[in-house]
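Residue-level listing of the chains:
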Amino acid sequence: MKNKAYNYAFVIIQIAILCAFFFPISLLKFRLPEAFNYGAYTFIVFGMLFVVIALYQLRHQFSPFPSPRKNSKLINSGIFRYSRHPIYFGILLIFLSLSVISEEIYKLVLTNILYFFFWLKTYYEEKLLTKKFPEYSQYKKKTPRFKST
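So, how was this worked out
Residues numbered from 1 in each chain as written. Predicted model: local features only at pLDDT ≥ 70, side-chain atom pairs only at ≥ 80, totals over all residues. Heavy atoms only, no water. Phe/Tyr/Trp six-rings, centres within 6.5 Å; stacked < 30°, edge-to-face > 60°. Helix = DSSP H or I, 4+ residues; strand = E, 2+ residues; numbered from the N terminus. Buried < 20%, exposed > 50% of the residue type's maximum accessible area, 1.4 Å probe, protein only. Lys NZ or Arg CZ within 6 Å of the ring centre and 35° of its normal.

> Honestly, the packing of aromatic side chains in this entry has me stumped. Any pointers?
Geometry of an aromatic ring pair is reported as the spacing of the ring centres plus the angle between the planes. Overall, the coordinates contain 13 aromatic pairs when judged by the stated rule. Residues Tyr88 and Phe118 carry aromatic rings whose centres are separated by 4.2 Å and whose planes lie at 20 degrees to one another, so their mutual orientation is stacked. Here Tyr88 is found in helix 3 (residues 86-102), whereas its partner Phe118 is found in helix 4 (residues 105-132), with 30 residues between them in sequence. Across this residue pair, the class does not change: Tyr88 and Phe118 are buried. Ring centres of Trp119 and Tyr123 lie 5.5 Å apart, and the angle between their planes is 10 degrees; on these two criteria the pair is classed as stacked. Taken together, the residues Trp119 and Tyr123, both in helix 4 and four residues apart, mark about one turn of the helix. The exposure class of Trp119 is partly exposed, given its relative accessible area of 33%. For Tyr123, a relative accessible area of 43% gives the class partly exposed. Counting every residue linked through ring pairs, the aromatic cluster contains Tyr6, Phe10, Tyr88, Phe117, Phe118 and Tyr124. The cationic tip of Arg59 hangs over the ring face of Tyr56; the distance from NZ or CZ to the ring centre is 4.1 Å. Here Lys107 stacks its cationic end above the ring of Phe21, 5.1 Å away from the centre of that ring.

Below is the structure:
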């Protein structure tokens, strides 16, 4: 029952942070050279690729909840060879890039909050994965949490 409550709490908080990002709040702006936007658009594409490839690799094992599914298998190849949580990494890349494009400090702050939240969520998730898959400890040692290398 405790896991179920944590699962729902994590998903609700995640949705709230993601939705807050798109509120039209303009508190403080920053200005960067136009060239940064081109890089940001490139990172959006890379972020989307990470998310799509990871979702494809997970297919029926995907769940928004941190608890692994009953019949799930550990995936540590493909894109998961470069990042233990490529979906979160892709989302962070997208949100950071959108923050740069929008030039909103509010969105940069929310992206940092999202990073911290994903760190907490994956910390909890990885405890459960280590229990279910003994080889996960070894996988953690050689594969970074979010970044691609």
